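A look at the structure
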Amino acid sequence: MNFIPSYLKQLDNQQLFKRAEEAYDNLISCTSCPRDCNVDRINGDYGICTSGHLPIVSSYTPHFGEEPVLSGTKGAGNIFFGNCNLKCIYCQNFEISQNPILEKRKEVTHERLAEIMIELQNKGCHNIGLVSPTHFSATILKSIYLAAQKGLNLPIIYNTNGYDSVDMLKLYDGVVDIYLPDFKYGNSEYAKKYSLVDNYFEKTKEAIKEMYRQVGDELIYDGDVVVRGLIIRHLILPNDLSDTENVFKFIAEELSPKIHISLMSQYYPTNKSYKDILIDRTIRNSEYEKAIQLLEKYGLHNGWIQEMDSAENYLPNFNEDRTNPFKN
Ligand code: SF4
């Protein structure tokens, strides 16, 4: 099979260009995510994500730590964006997600971001993985348009924390082929406490419904690698702070039990998690087993379950080496 990424079909009719323009206009009064800060990011104002109108690329590299169907043999072409619209007290990427003054130095032009996409393609990566793209969703489309004109022909992965604007996601309809959202909490109170955000459960349900509408519940493969579809990640938090049952119930009953779930056990207390006793430890075997039972209970049989010993393996260090933070 020779897969043609969806965005290439939008090049000829100028749809990609028009979408990029429309998205960029959003930055004048930013509603790129459900925070709805309404600040003018083009003229120097900042909202909760503390980011301007140009993308911040904290790191980019072929990455082998994604689900095997995304990393393949040559790696996912990951681009890690700096800053974030969430403020998780346990964020494993806090060195780049919660360090706005330092990360500002990593701002790049749209042309440079397009070049980075081409570089990753030239390295043989299977896809372009946009990691934490939400707060730059209005600006990344421009770079996809420029890269497509320069010969980019890899599928785009939208790897998000799930707190996305439905209107912005609609602009990515027919551009993104693989949605890879986290579904962090089935309970907005926990999200408020641990990610400092309102209405996470409600807003993420809406966002993932839109992703599902666009790409459905089937995964399409080219060889051993996925080129289109939806994979929902769920990180088990200690003391069931992720409210796993509510997440799985929603997926099974309001989306489809055929959806692929990536159940993650890698939680490791870092950043400011030492401040809250409930989240200041790795997960227990009993918590891991319970989450697996819930997959069974809701008939969610497609996907991957991370081994219990994964906590150490997945801890990145962006301070030591920006070109290989995961020690691939
Ligand atoms: S992207 Fe940033 S500025 Fe825009 S609404 Fe979200 S947090 Fe606010």
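Figured I'd write up the structure that's included with this text. (Residues numbered from 1 in each chain as written. Predicted model: local features only at pLDDT ≥ 70, side-chain atom pairs only at ≥ 80, totals over all residues. Heavy atoms only, no water.)

So, the state of the cysteines
Rules: A pair of sulfur atoms, both from cysteines and within 2.5 Å, is called a disulfide here.
Here the structure, examined in full by the defined rule, presents zero disulfides. Not engaged in a disulfide, the cysteine C88 finds its nearest cysteine sulfur in C91; these two sulfurs lie 5.9 Å apart.

Here we look at the pattern of salt bridges
Note the threshold: Salt bridge, as used here, is a side-chain nitrogen of Lys or Arg placed within 4 Å of a carboxyl oxygen of Asp or Glu. Secondary structure elements are defined from DSSP: runs of H or I of at least 4 residues count as helices, runs of E of at least 2 residues count as strands, and each element is numbered from the N terminus.
Applying the stated rule across the entire model yields 17 salt bridges. Between D173 and R213 there is a salt bridge, with the nearest N and O atoms lying 3.1 Å from each other. Taken as a pair, D173 in the loop between α8 (166-171) and β5 (178-181) and R213 in helix α10 (residues 200-215) lie far apart in primary sequence, 40 residues in all. With its nearest N and O atoms 2.7 Å apart, the salt bridge here joins D177 to R228. With a gap of 51 residues between them, D177 in the loop between α8 and β5 and R228 in strand β7 (residues 225-235) connect regions that are remote in the sequence.

What to know about helix α2 (residues 15-25)
Put simply, the test is: Remark: exposure states derive from per-residue accessible area (1.4 Å probe, protein chains only) relative to the maximum for the residue type, with buried under 20%, exposed over 50%, and partly exposed in between. Here the arc refers to the set of directions running from the helix axis out to each C-beta atom. Residues are treated as being in contact if the distance between any of their heavy atoms lies within 4.5 Å.
Burial in α2 covers these residues: L16, R19, A20, A23 and Y24. Angular distribution of buried residues about the axis of α2 spans 130°; they occupy a single face of the element. Those residues of α2 hidden inside the fold are in contact with α1 (6-9), α6 (110-122), α7 (137-149) and α8.

Things to note about the site of the ligand
Definition in use: Any residue with a heavy atom positioned within 4 Å of a molecule or strand is treated as near that molecule or strand. By the convention adopted, Pro, Cys, Tyr, Trp, Phe, Met, Ile, Leu, Val and Ala count as nonpolar, Lys, Arg, Asp and Glu as charged, and the other residues, Gly among them, as polar.
Taken together, C30, S32, C33, R35, D36, C37, R41, G47, I48, C49 and H135 make up the full set of residues adjacent to the ligand. Across the shell around the ligand, the residue classes tally to five nonpolar, three polar and three charged.

Some remarks on a negative patch on the surface
Note the following rule: Surface patches are drawn from residues lacking salt bridges whose relative accessible area is over 30%; two like charges belong together within 9 Å, two nonpolar side chains (Val, Leu, Ile, Met, Phe, Trp, Tyr) within 5 Å. Using the Shrake-Rupley algorithm and a 1.4 Å probe, accessible areas are obtained, with residue cover drawn only from the displayed protein chains. The charge count includes Lys and Arg as positive and Asp and Glu as negative, but it does not include His or the ends of the chains. To locate a charge, the coordinates of NZ of Lys, CZ of Arg, CG of Asp or CD of Glu are taken.
Taken together, the side chains of E21, E22, D25 and D167 make up a negatively charged region of the molecular surface. Examining the composition of the negative patch, we find that three residues originate from one element, α2, more than from any other. Mapped onto the elements, D25 comes out in helix α2.

Notes on the environment of I144
Tracing the sequence through the fold places I144 in helix α7. In this structure, the C-alpha to C-alpha distance between I144 and L130, residues 14 residues apart in sequence, is 11 Å. In this view, I144 contacts Y7, L16, M117, L130, I156, Y172 and V175; residues no more than four positions away in its chain are not counted.

Structural notes on α10
Filter applied, for reference: Helix span is expected to be 1.5 Å times the residue number reduced by one.
In this model, α10 (16 residues) spans 22 Å end to end at C-alpha, consistent with the 22 Å of a helix rising 1.5 Å per residue. Regarding α10, the residues found buried are Y200, F201, T204, A207, I208, E210, M211, Q214 and V215.

A word on the environment of D276
Positionally, D276 belongs in the loop between β8 (260-264) and α12 (285-297). Separated by 184 residues in sequence, D276 and Q92 place their C-alpha atoms 16 Å apart. Not counting residues within four places of it along the chain, the set of residues in contact with D276 comprises I89, K193 and Y194.

Topic: the packing of aromatic side chains
The condition that has to hold: Each aromatic pair joins two rings of Phe, Tyr and Trp (for Trp, the six-membered one) with centres within 6.5 Å, and gets the label stacked for planes under 30 degrees apart, edge-to-face for over 60, and tilted for any other angle.
By the definition in use, this model includes ten aromatic pairs. Aromatic pair Y185 and Y200: ring centres 5.5 Å apart, planes at 85°, arrangement edge-to-face. Taken together, the positions of Y185 in the loop between β5 and α9 (188-195) and Y200 in helix α10 put the pair 15 residues apart, joining distant regions of the chain. A relative accessible area of 0% places Y200 in the buried class. Through a chain of ring-to-ring contacts, the aromatic side chains of Y163, F183, Y185, Y200, F201 and F250 assemble into a single cluster.

Considerations on unusual backbone geometry
Although it is not a glycine, D36 sits at a positive phi angle of roughly 50°. Here D36 is to be found in the loop between α2 and β1 (57-63). The backbone of T50 sits at a positive phi, close to 50°, despite the residue not being glycine. Considering the arrangement of structural elements, one finds T50 in the loop between α2 and β1.

Some remarks on the pairing of strand β3 (residues 128-131)
Applicable threshold: At least two DSSP bridges between two strands are needed for those strands to be called paired.
Burial of β3 is two-sided: the residues I128 and L130 facing one way and the residues G129 and V131 facing the other way are all buried. Of the pairings in the sheet, the one linking strand β2 (residues 76-81) to β3 comprises four bridges and is parallel in character. Bridging across to β3, G77 finds its partner in I128. Inspection of the sheet shows β3 paired to strand β4 (residues 156-160) by four bridges, in the parallel sense.

Details of the pairing of β5
Note on strand geometry: in a regular strand, side chains alternate between the two faces of the sheet. Under the convention used in this document: Whether a crossover is right-handed depends on one test, that the path from the first strand over the helix to the second runs clockwise when the strands point away from the viewer.
Of the two faces of β5, the one lined by I178 and L180 and the one lined by Y179 and P181 are each fully buried. Across four bridges, the pairing between β4 and β5 is parallel. By the bridge assignment for β5, N159 is matched with L180. Tracing the backbone out of β4, into α8 and back to the parallel element β5 gives a crossover that is right-handed. Relative to β7, β5 runs parallel, the two being bridged by two bridges.

Geometric values such as these leave the question of function open.
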